[in-house]
Structures are given as structure tokens and as C-alpha cells.
Amino acid sequence: MTKHILITGGAGFLGSHLCERLLHEGNDIICLDNFFTGDKKNIDHLLQNPRFELIRHDIINPIYLEVDEIYNLACPASPVHYQYNPIKTIKTNVMGAINVLGIAKRTKAKVLQASTSEIYGDPEVHPQNESYWGKVNPIGVRSCYDEGKRAAECLMMDYRRQNSVNVKIVRIFNTYGPRMAVNDGRVVSNFIIQALEGKKITVYGDGSHTRSFCYVDDVIDGLIKMMNSSDEFYGPVNIGNAAEFTILELAKTVIGMTKSNSEIEFLPLPADDPVQRRPDITLAAEMIGWKPKINLETGLLRTIEYFRKILKIP
Ligand code: NAD
Ligand code: UDP
């Protein structure tokens, strides 16, 4: 049976890949976006498909739609963009969650919330598993995003307990791949673009802090598997790649793979930047049979090719 699926933030990096996958699987897709960080180019190739519909809408305002499933991705994900207008960021997280849960309550749709590893803040537990409650600064520059996402998880659980809404919470760890915006500002796209353009590679701090990078196709598989999992399993579940690298290792890998002459420039570390981050993905393997398939080198190759093409660098 054809499902009617709403994807908020559908014109963004992850959202556009999700629209494409679910459309090709034969579903009717409504892509909702206010184009704050999203781009029509990301979904241009889908617009001719009669099963694909685009709505320009800001999810902080209510909207009435009839759907079977909702993937709630609307929210800028890069620190540069979510700190640009922090009040808007927290509104998007909280009011956006309330509005999609309102649709779900009325239509009995299932809701998948794109939560984040930022829930864990600057973690004292390593690797991070879902039972860890996190160490988040509630008044810092990242809190519009971190606390906004925590409040959205709370709303998901309260709508489940109070209104029996079928919710699914996925904590996504750092994801990269084609269709990250050129001005995104996150580390993988920054380093690749800087290396391809022969500019200095901007390592914040001394480069010893760590992240675990997951290729976009793996994350999309994880989101769809979670949406299709048993109604009893609502998460939260970590989706990410457990291979952990220092930021300096990433910089050197990107320089090597692009055969760039770029030098590394060390800049001050932004406030509250988590020192280390690696997902424990045991629960995802057990409950939804998911684990990532694409290693960093393969994923970087594909991403470098993408940026070479759009930046027209031979
Ligand atoms: P992105 O910035 O590329 O996409 C976000 C999309 O949401 C954009 O198209 C943007 O225009 C749209 N949007 C923002 N505010 C909106 C609003 N008020 N109303 C309607 N649309 C709005 O980011 P992404 O990397 O694709 O992330 C998608 C989701 O996944 C976000 O919720 C993010 O928090 C979450 N996430 C992503 C990562 C990652 O590494 N990519 C990690 C953890 C969580
Ligand atoms: N970072 C960096 N140089 C950049 C962009 C980011 O060294 O040009 C660092 C950043 O300080 C953080 C890590 O890379 O420690 C990941 O940053 P990103 O913005 O990609 O995502 P975060 O995990 O912090 O949300």
C-alpha cells in the first residue's frame, strides 16, 4: 500500500536523501521546508515526479495535512547556522515538534524525530549509549540546539504517554556526504572544500578532540529501519558510525585523499565544543538490525567527488 509521508526539512542535506529514497520505494512524499539551510537544487530532480509535492512552510506554524508517517528533520544542524538565530532554533525544535505531533495525534501518523548526539553534550561516558543522560550546558551557545532537541524528545515521549502517539526517536551522530551545503560550516565539508580550493584547513583547538563520522546512505537506512520497526520500540536509538577519529586525523586524511597542498591552521576552539564523541550502536544492531556499511575512506571519496563537481574543480 502506498504510504503518504511528510518529511519536514526535506530540502536539506539528510532530508533530500530521505525524500529520494522513500519516493523511489513507491511512496507519496510531501517535502516541507522553509529553505533556511535547505536548497531547491537538492530536490530539483524530484519535482517532476507526480508522487512528490513541495510545500514552503515554516514548521513553527501549525499545518493540517493527512499523512501516515512523519520524519521530523526541520532544524538547522550546523553550529554556524543554528547559532545564527538561536531563538528561532529553539522555536523550530519545540514548536516544530508540537506541530508535527499535533498532525500525528489527529491523523494517527507515526512520527520519527531526528534527534542528535548533542543530547549527550560534552559526555563523561564513552562511548555514549542511550541510557546515558548527558552533560549539557543549559545556558551556553549550543543550548538552543541541544536543549531544543532534548525538549523535542520530551514532547515525543509525553505525546506517546498522554495521547498514545506512535513515536520513534533516533539520535543521529555526525553525518556527512553529498548535498551538504557549500556554506554548511561543519567539519567534513569545510575540510574538503578548503583542501580542494588550496585554502588553509581550519582545525579548531589542537585537533585532538574526536568525532565519529557516518556516511549519509547508512544514516538514511537507519532512519527508515527505525520507522518500520515494531510499534513497541520507540527508542531512543543511536545511529552513527563507531569509528572514531581526531579532527587532526580527519584533516590529514582529507589532505591526502585530495592530494592538496593546503596547510593546517589552528584556530580557537568554539565554546562548549564536545571533547569526544562515539556512539555505542549495540541497540540499533539488536533492535532494528542496523549497522553502517560505508567506511570513512569510501564515504570521503564520494563526498570529495561531489564537491569537485559542484565547485567545478578538475
Ligand atoms: P540541514 O540544515 O541541511 O537541513 C535542515 C532542513 O530543515 C533545511 O532544509 C532547512 O531549510 C529546514 N528547516 C530549518 N528550520 C525550519 C523550519 N522552521 N521550518 C521548516 N523547515 C526548516 O541539516 P541536516 O544535516 O540535513 O539535518 C537534518 C536533521 O537531522 C536536523 O533536525 C538535525 O538536527 C538532525 N541531525 C543531523 C545530523 C548530521 O550530522 N547531519 C546529526 C544529528 C542530527
Ligand atoms: N571543526 C574544526 N574545523 C572546522 C569545523 C569544525 O576543527 O572548520 C571541529 C569542531 O570544533 C568540532 C568538530 O570539528 O570539534 C565537529 O564540528 P562540526 O561543526 O562538524 O559538528 P559538531 O559535532 O560540533 O556539531
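The paragraphs below set out a description of the structure included in this document.

Reading guide: rules and limits
- Residues numbered from 1 in each chain as written.
- Chains lettered and ligands numbered in written order.
- Predicted model: local features only at pLDDT ≥ 70, side-chain atom pairs only at ≥ 80, totals over all residues.
- Heavy atoms only, no water.
- Near = heavy atom within 4 Å.
- Polar contact = N/O pair within 3.5 Å; in protein donor to acceptor, adjacent residues only side chain to side chain.
- Areas by Shrake-Rupley, 256 points an atom, 1.4 Å probe, with all protein chains shown as cover.
- Helix = DSSP H or I, 4+ residues; strand = E, 2+ residues; numbered from the N terminus.
- Salt bridge = Lys/Arg side-chain N within 4 Å of Asp/Glu carboxyl O.
- Buried < 20%, exposed > 50% of the residue type's maximum accessible area, 1.4 Å probe, protein only.
- Phe/Tyr/Trp six-rings, centres within 6.5 Å; stacked < 30°, edge-to-face > 60°.
- Lys NZ or Arg CZ within 6 Å of the ring centre and 35° of its normal.
- Pairing = 2+ DSSP bridges.
- Axes fitted to C-alpha atoms, helices over the stretch in contact; angles between N-to-C directions.
- Contact = heavy atoms within 4.5 Å.
- Nonpolar A, V, L, I, M, F, W, Y, C, P; charged D, E, K, R; others polar.
- Expected span 1.5 Å × (residues − 1).

A short note on the site of ligand 1
Link 1 in the chain: Near ligand 1 you find 30 residues, and of these Leu14, Asp33, Thr37, Tyr145 and Lys149 are the closest.
Link 2 in the chain: Threonine 175 is positioned with one of its backbone polar atoms (N or O) 2.8 Å from an oxygen atom of ligand 1.
Link 3 in the chain: Relative to its unbound accessible surface of 820 Å², ligand 1 loses 97% to contact with the protein.
Link 4 in the chain: Those elements that provide at least two residues to the shell around ligand 1 are α1 (13-24), β5 (110-116) and α4 (143-163).

Let's talk about the pattern of salt bridges
Link 1 in the chain: On inspection of all chains with the given rule, the structure shows 19 salt bridges.
Link 2 in the chain: Between arginine 302 and aspartate 217 there is a salt bridge, with its nearest N and O atoms 3.8 Å apart. One end of the pair, arginine 302, is in helix α9 (residues 296-310); the other, aspartate 217, is in helix α6 (residues 216-227), and 85 residues separate them in sequence.
Link 3 in the chain: Exposure remark for arginine 302: the relative accessible area of 38% places this residue in the partly exposed category.

Things to note about the packing of aromatic side chains
Link 1 in the chain: With the rule as written, the count across this model stands at 6 aromatic pairs.
Link 2 in the chain: With a centroid separation of 5.7 Å and 70° between ring planes, the pair formed by tyrosine 176 and tyrosine 215 is classed as edge-to-face. Here tyrosine 176, found in strand β7 (residues 175-176), pairs with tyrosine 215, found in strand β10 (residues 214-215); they are 39 residues apart in sequence, far enough to count as distant. Comparing tyrosine 176 with tyrosine 215 shows no difference in burial state: the two are buried.
Link 3 in the chain: Aromatic ring contacts, followed pair by pair, group Tyr120, Tyr132 and Phe173 into a single cluster.
Link 4 in the chain: Over the face of the ring belonging to phenylalanine 35 we find lysine 40, whose NZ or CZ atom lies 5.7 Å from the ring centre.

What about the sheet that holds strand β4 (residues 69-72)?
Link 1 in the chain: In spatial order, the strands read β3-β2-β1-β4-β5-β6-β11; together these 7 strands make up an open sheet with parallel pairing. The sheet is open, and its two borders are formed by β3 (52-56) and β11 (237-239), each paired with just one other strand. For this sheet, the mean inter-axis angle between neighbouring strands, taken without regard to orientation, is 20°.
Link 2 in the chain: In terms of strand pairing, strand β1 (residues 4-8) meets strand β2 (residues 28-33) through 5 bridges, oriented parallel. Its bridge partner lying in β2, isoleucine 5 is registered against isoleucine 29.
Link 3 in the chain: Where α1 meets the sheet, its contacts fall on β1, β2, β3, β4 and β6 (167-172), and the angle it forms with β1 comes to roughly 170°.

Focus: the site of ligand 2
Link 1 in the chain: For ligand 2, the set of nearby residues contains 19 residues, the closest of which are Thr202, His209, Arg211, Asp273 and Arg277.
Link 2 in the chain: Arginine 142 places a side-chain nitrogen or oxygen 3.0 Å from an oxygen atom of ligand 2.
Link 3 in the chain: Here asparagine 174 contributes a side-chain N or O atom positioned 2.8 Å from an oxygen atom of ligand 2.
Link 4 in the chain: When ligand 2 sits alone it has 510 Å² of accessible area, and the protein chains cover 95% of it.
Link 5 in the chain: Listed by contribution, the elements that provide at least two residues to the shell around ligand 2 are α5 (187-196) and β8 (201-204).
Link 6 in the chain: Partitioned by chemical class, the residues of the shell around ligand 2 number 8 nonpolar, 5 polar and 6 charged.

Details of helix α7 (residues 247-258)
Link 1 in the chain: End to end, α7 covers 17 Å across 12 residues, agreeing with the expected 16 Å (1.5 Å per residue, within 8%).
Link 2 in the chain: The inward-facing, buried residues of α7 abut α5, β8, β9 (210-212), β12 (244-246), β13 (264-267) and α9.
Link 3 in the chain: After α7 finishes, the residue lysine 259 shows a positive phi value of roughly 50°.

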